[in-house]
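For reference, the chains in residue letters:
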Amino acid sequence: MAVSPISPRMRRMQWIAIGLVTAAIALNYLDRSTLAIGNVKIRQEFGISATAIGALQSAWSITYALCQVPIGYFLDRLGPRWLVGVALLLWSLAQAAGGFAVSYVQLLWARVALGAAECPAFPAAVRVTSDWFHVKDRGAPTGLYNSGGSIGPFIAPPLLTGLMLAFGWRTMFITMGLVGVLGAVVWFMVYRDPAKTELAPQDAAYLATNRAAEGKVELRNWGKLFRFQSMWGLMLGAFCTGYAVWMYQTWLPAYLEMQQHISIAKTGFLASIPLFCSILGAWSGGWFTDRLNKRGMELVASRRLPAILGLVLSGVFTVTATTASSPTQAIVYISLAMFFLAVGISGKWTLITAVAPQSYCTSVASIQNFGGYIGGTVSPLVTGFVVDVTGSFVIALAIGAGITILGAVLLQTLVRSQITSADLEGDSAIAVPAQ
């Protein structure tokens with residue numbers, strides 16, 4: 001089916017909306033990165049082990065994961081404008097609170113609050129994309145907002161390391177909180193929901209398919225999502241990608257300092273190289289999914305294939321990184337691993353709107369993200385424990401590689417069919433095959 005052409009005004013509004021959620025996600029990840037950047041300094045000040053610093057990340061992650069399950073339902077019911085704006089304000093206050101912590105326990109609770117408040121960001125990006133774009137055009141915007149998860153960590157090492165070395169880790173935390181408050185103001189001033197925006201006839205026709213697929217989100221039908229094999233495939237696959245992402249994003253600076261013996265000042269620059277490759281990977285993955293579909297590949301398959309290829313290649317290069325004998329080799333291998341991981345993750349996120357009904361896409365995204373952050377909870381703890389026991393990152397990286405490849409297997413074997421509104425409204429739990 002041909003997609004209706006749209007006006008320049010509509011295209012501008014689409015990309016402003018995607019730009020805003022990308023910026024929100026980038027800020028979200030900048031705030032998360034403060035713990036990784038301050039890792040060594042925080043451990044020294046509070047006298048805690050690598051396992052304990054991993055527990056701070058895991059406390060954030062498990063809170064974020066648990067809050068994912070209900071937030072998708074509320075986003076599908078209420079829309080992203082107010083929920084994201086309020087969440088952005090609250091998580092910025094929680095981020096600043098970490099800078100005032102005078103004990104490990106206080107810092108732990110600040111990270112818990114940060115995890116609770118940050119939870120709407122990614123599911124809201126799915127909602128914004130599905131609201132503003134036809135289902136066949138969602139690969140590129142999905143790749144862009146996914147890159148926000150790499151843009152934040154990419155600029156974090158040089159920016160946050162400079163702040164920390166100049167003013168201390170506490171000022172770094174507080175400064176990022178203030179930046180977030182300003183971000184909330186911009187969000188409220190600029191973002192609008194398309195349903196409440198006056199559109200030209202051709203633009204309304206472009207979104208007509210989306211609106212025709214919209215239905216009322218019912219809690220009893222929402223619960224039926226867990227009956228479907230595709231839903232479990234997305235969630236379990238996300239566990240594996242979440243494990244890999246947070247293995248790197250929590251421990252990459254420490255890996256370069258401890259394993260490769262790079263100074264903290266140089267680490268700030270070198271750690272940004274693999275993260276820049278993640279940005280390129282996210283864009284490439286989103287573009288690739290759209291390209292495959294436009295060349296005739298069935299929608300679900302065109303979203304699934306880049307995810308599988310990306311995860312397999314990421315696992316291969318993560319294993320290769322365990323053999324690195326120099327900082328240069330380590331940076332090259334990890335950069336390739338993170339590039340392909342981002343390709344796979346973009347494919348995984350575009351897969352959501354190919355599999356899920358329009359009305360429930362945010363709910364499916366939040367449930368998938370729940371799985372991702374269970375993985376993100378386990379990963380920092382396991383990695384920290386392995387490093388404490390072995391004094392090396394070699395085994396920790398090998399574990400991460402195996403779990404990444406497992407994610408590809410799960411997506412290939414379990415995510416094979418679409419879930420329709422009719423499936424959720426009826427009594428059957430068997431998804432119809434993708435056409």
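Just so you know, these numbers come straight off a predicted model, no measurement behind them. (Residues numbered from 1 in each chain as written. Predicted model: local features only at pLDDT ≥ 70, side-chain atom pairs only at ≥ 80, totals over all residues. Heavy atoms only, no water.)

Caption draft 1: Broad picture of the overall build of the chain. Along the backbone of the chain there are 19 helices and two strands. In terms of overall dimensions, the chain is globule-like: its C-alpha atoms have a radius of gyration of 21 Å, near the 22 Å expected for 435 residues. The contacts in the chain between residues at least 6 apart in sequence include a share of 85% that link residues at least 24 apart. If you sum the accessible surface of the chain, you get close to 16100 Å²; carbon and sulfur atoms cover 70% of it. Here the chain carries 28 positive and 18 negative side-chain charges, and the mean point of each set is 3 Å from the other. (Helix = DSSP H or I, 4+ residues; strand = E, 2+ residues; numbered from the N terminus. Rg over C-alpha atoms; globule rule 2.2 N^0.38 Å. Contact = heavy atoms within 4.5 Å. Areas by Shrake-Rupley, 256 points an atom, 1.4 Å probe, with all protein chains shown as cover. Lys, Arg positive; Asp, Glu negative; His and termini not counted. Charge placed at Lys NZ, Arg CZ, Asp CG, Glu CD.)

Caption draft 2: Local environment of the environment of Cys67. Tracing the sequence through the fold places Cys67 in helix H3 (residues 50-78). Taking relative accessible area as the criterion, Cys67 reaches 23% and is therefore assigned partly exposed. Linking Cys67 and Asn369, residues 302 residues apart in sequence, is a C-alpha distance of 9.9 Å. Filtering out sequence-adjacent residues up to four positions away, Cys67 remains in contact with Ala116 and Cys119. (Buried < 20%, exposed > 50% of the residue type's maximum accessible area, 1.4 Å probe, protein only.)

Caption draft 3: Seen up close, the confidence of the model for the chain. Chain-level pLDDT for the chain is 85 on average; 94% of the residues reach the 70-or-more range. Considering each helix and strand of the chain separately, the mean pLDDT is smallest for strand E2 (residues 432-433), with a value of 41, and largest for helix H8 (residues 169-190), with 94. Across residues 428-435, where pLDDT falls below 50, the model places 23 contacts with residues more than four positions away in sequence or in other chains. (pLDDT = per-residue confidence, 0-100.)

Caption draft 4: Representation of the side chain of Ser314 in the model. Turning to its location among the elements, Ser314 is positioned in helix H15 (residues 299-321). Ignoring any residue separated from it by four or fewer positions in sequence, one finds Ser314 in contact with Ala337, Phe340, Leu341 and Thr404.

Caption draft 5: The pattern of salt bridges, seen in detail. Summed over all chains, the structure comprises four salt bridges. A salt bridge links Arg170 to Glu45, with the nearest nitrogen and oxygen atoms 2.6 Å apart. Linking Arg170 in helix H8 with Glu45 in helix H2 (residues 39-46), this pair joins segments that are 125 residues apart in sequence. Salt-bridge contacts for Arg127 lead to Asp131; the nearest nitrogen and oxygen are separated by 3.0 Å. With Arg127 and Asp131 both in helix H6 (residues 121-132) and four residues apart, the pair spans about one turn of that helix. For Arg127, a relative accessible area of 4% gives the class buried. (Salt bridge = Lys/Arg side-chain N within 4 Å of Asp/Glu carboxyl O.)

Caption draft 6: Expanded view of the nonpolar core. Residues Ile42 and Leu225 are the most contacted members of the largest nonpolar core, which totals 112 residues. Ranked by residue count, the leading element in this core is helix H12 (residues 229-258), at 13 residues. Excluding residues within four positions of it along the chain, Ile42 makes contact with Leu35, Gly47, Ile48, Ile53, Leu107, Trp169 and Phe173. (Core = buried A, V, L, I, M, F, W, Y, C linked by side-chain atoms within 4.5 Å.)

Caption draft 7: Spotlight on the environment of Trp109. On the secondary structure map, Trp109 appears in helix H5 (residues 104-118). Each C-alpha atom of the pair Trp109 and Ala59 lies 8.4 Å from the other, and the pair is 50 residues apart in sequence.

Caption draft 8: Region of interest: the packing of aromatic side chains. For the coordinates displayed, the defined rule picks out 20 aromatic pairs. Consider the rings of Trp82 and Phe188, whose centres lie 5.0 Å apart with planes at 50 degrees: the pair is tilted. A residue pair is termed long-range when its members are at least 10 positions apart, and Trp82 in helix H4 (residues 80-99) and Phe188 in helix H8 qualify at 106 residues. The class of Phe188 is partly exposed, set by a relative accessible area of 23%. Judged by centre distance (6.4 Å) and plane angle (80 degrees), the ring pair of Tyr145 and Trp349 falls under edge-to-face. One end of the pair, Tyr145, is in helix H7 (residues 139-167); the other, Trp349, is in helix H16 (residues 327-355), with 204 residues separating them in the sequence. Relative accessible area serves as the criterion here: at 1%, Tyr145 is assigned to the buried category. Feature note: the residues Tyr29, Trp60, Tyr64, Phe122, Tyr145, Trp246, Trp349 and Tyr373 constitute an aromatic cluster, connected by ring pairs. In this structure, Arg81 packs its charged tip against the face of Trp82, placed 5.4 Å from the ring centre. (Phe/Tyr/Trp six-rings, centres within 6.5 Å; stacked < 30°, edge-to-face > 60°. Lys NZ or Arg CZ within 6 Å of the ring centre and 35° of its normal.)

Caption draft 9: The arrangement of the side chain of Thr197 in detail. As for its placement among the helices and strands, Thr197 is situated in the loop between H8 and helix H9 (201-206). Here Thr197 is in contact with Arg9, Met13, Trp132 and Arg192, once residues within four sequence places are set aside.

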